[in-house]
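Architecture at a glance
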Amino acid sequence: MATNMTMPQLGESVTEGTISKWLVAPGDKVTKYEPIAEVMTDKVSAEIPSSYTGTIQALLVKEEDTVSVGTAICSIEEEGSSQEAKPSETPKQVDVEPKVEANEESTTDQRQRYSPAVLRLSQDYGINLANVTGSGKGGRITRKDVEAYRVQGGVEKPQQSVEDEVSVEQSVTKSNDTQSVSLASGEDERIPVSGVRKAIATNMVKSKTEAPHAWTMIEVDVTNLVKVRQGLKDSFKEKEGFSLTYLPFFMKACVEALKEFPEVNAQWAGDAIIRKKDIHLSMAVATEDALFVPVIKHADELTVKGLAKRTNDLAKKVRTGQLKSDDMTGGTFTINNTGSFGSIMSQPIINTPQAAILSVESIVKRPVVLDTEAGEVIAIRHMVNLCLSLDHRVLDGLICGKFLQAIKTKLEAINETTSVY
């Protein structure tokens, strides 16, 4: 007797999900916890693991269909269960065009259906997936296969032959299911919108139309921070195994300011403003074609080193496609490192339902007038702009000005005695 598997809830407040790609077909044998589908929600892109060990009987939802949490998406004949089900017990199969019919075709298709995580890893390492042997069902290549190939010395030169480039391009196209329309020279190109881009678009439109955005900025002298980080970065990398960037210092000052001004760590709830007790810091991480906002839970309890480690771990998860739904939920305030790509001023869109978002811009050297005992002098200093977008339903300029001033004070107080531990 077949058992229906339902759409799981992939995060708090998530009520539906879109099946972006099936990783199995009717007749495939699966083990419990093996990924069977890729799902996109408004918060996260994730793989759904099988709840049972058995054989896929039917796919009850088509690719690109959006269904509510709890909706049956496929049926599985559990291992050890009766092979003959009563007619009334056999789940009705939706007319879904099967990916394959014959066993040989199934094996070939499994090998060519690369998940986004596998594709990202192969591109990061410069690996041609055609050379990797898959250990998954039907020869499907998994992240472990790519990692194992790299460890065994299979990293290839970034420069690929024309044939390799075409192969990778075709693989990416199959994975994203967003084939662009090739037109004659000089004509426009029509590129279908991917599930990730649709989710980003929906969230951004919702935020801009629902939350009345206001914007403010403050200038900070981080010359001492630059000196401290410069003196620590080599020993820190040797000791901890990952780089010490500027961002954790900004995070630390930010969460300390949030403790002083809990009004900023809040959200709009219609008939009330909810001040969040915990400080869960969302951090924007961009890839070539998407933006993810994983969350550092209880960020106010971490040192600079702790924030650096969590930032490094989450960024690595984004790059390798290993983010889980829990990594993306619960954020109360967002920090955005726009300075990493040279920006000196920006107006970020609020990550609703949060009340504010802070952009840390690029640190630049500029001539600045300083007040000294000898009078005013002009000196070259390392300066940075901190840009804050706020929901004017929740916050006003006075509180936000004080909040930014608190961050500025903390950053400018950093000196050689400041510890990252």
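Summarised in this report is the structure supplied together with it.

Rules of the game
- Going along each chain's sequence as written, the residues are numbered from 1 onward.
- For a predicted model such as this one, the threshold for reporting local features is a pLDDT of at least 70, and the threshold for listing and counting side-chain atom pairs is 80 or more; totals across whole chains, interfaces and linings nevertheless cover every residue.
- Only hydrogens and water are set aside when side-chain values are computed; all heavy atoms of the structure are taken into account.
- Put simply, a salt bridge is a Lys or Arg side-chain nitrogen that is within 4 Å of an Asp or Glu carboxyl oxygen.
- Note on conventions: DSSP H or I runs of at least 4 residues are helices, E runs of at least 2 residues are strands, and numbering of each starts at the N terminus.
- When a residue's accessible area, from a 1.4 Å probe over protein chains only, is under 20% of the maximum for its type it is buried; when over 50% it is exposed; and in between it is partly exposed.
- What makes two residues a contact is simply this: any of their non-hydrogen atoms within 4.5 Å.
- The definition of a polar contact used here is a pair of N or O atoms within 3.5 Å, where within protein one atom must be able to donate a hydrogen and the other to accept one, and adjacent residues in sequence count solely through side-chain atom pairs.
- In this scheme Phe, Tyr and Trp rings, the latter by its six-membered ring, pair at centre separations within 6.5 Å, and the angle between planes marks the pair as stacked below 30 degrees, edge-to-face above 60, and tilted otherwise.
- Two limits define a charge over a ring: the Lys NZ or Arg CZ must be within 6 Å of the ring centre, and within 35 degrees of the ring normal.

**A word on the pattern of salt bridges**
- Throughout the structure, instances matching the rule amount to 10 salt bridges.
- When the shortest N-O distance is used, the salt bridge between Lys 305 and Glu 240 registers 3.9 Å. Here the residue Lys 305 occupies a position in helix α8 (residues 304–320), and Glu 240 occupies one in helix α6 (residues 223–240), the gap between them amounting to 65 residues.
- When its relative accessible area of 23% is taken as the criterion, Lys 305 is described as partly exposed.
- Linking Asp 326 and Lys 297 is a salt bridge whose minimum nitrogen-to-oxygen distance equals 3.6 Å. Of the two residues, Asp 326 is situated in the loop between α8 and β16 (333–336) and Lys 297 in the loop between β15 (295–296) and α8; the sequence distance between them amounts to 29 residues.
- Residue Lys 297 is classed as partly exposed on the basis of its relative accessible area, which comes to 26%.

**Re the environment of Asp 327**
- On the secondary structure map, Asp 327 appears in the loop between α8 and β16.
- Residue Asp 327 is classed as buried on the basis of its relative accessible area of 10%.
- Put simply, Asp 327 and Ser 282 are 45 residues apart on the chain and 9.6 Å apart in space, counted from C-alpha to C-alpha.
- Beyond its immediate chain neighbours, meaning those up to four positions away, Asp 327 contacts Pro 294, Val 295, Leu 314, Lys 317 and Gln 322.
- Polar contacts involving the side chain of Asp 327 include one to the side chain of Lys 317, which spans 3.1 Å.

**Here's the deal with the environment of Lys 309**
- Take Lys 309: it is sitting in helix α8.
- In this structure Lys 309 comes out as partly exposed when scored by relative accessible area, which is 36%.
- For the pair Lys 309 and Ser 243, spaced 66 residues apart in the sequence, the C-alpha separation amounts to 9.0 Å.

**Quick word on the packing of aromatic side chains**
- Enumeration according to the criterion identifies 3 aromatic pairs in this entry.
- With centroids separated by 5.4 Å and ring planes inclined at 85°, the aromatic side chains of Phe 236 and Phe 242 adopt a geometry described as edge-to-face. Like Phe 236, the residue Phe 242 is buried in the burial classification.
- A connected cluster of aromatic rings, assembled from ring pairs, spans Phe 236, Phe 242 and Tyr 421.
- Above the plane of the ring of Tyr 246 lies Arg 229, whose end atom (NZ or CZ) is 4.7 Å from the centre.
- Sitting over the face of the ring of Tyr 421, Lys 239 holds its NZ or CZ atom 4.5 Å from the ring centroid.

**Considerations on unusual backbone geometry**
- In this structure, Pro 353 follows Thr 352 across a cis peptide bond, with omega equal to 10°.
- Checked against the element boundaries, Pro 353 lands in the loop between β16 and β17 (356–360).
- Positive phi values are uncommon outside glycine, yet Glu 64 reaches one of about 75°.
- Structurally, Glu 64 can be placed in the loop between β6 (54–59) and β7 (66–68).
- Phi at His 298 is positive, roughly 50°, even though this residue is not glycine.
- Within the secondary structure, His 298 sits in the loop between β15 and α8.

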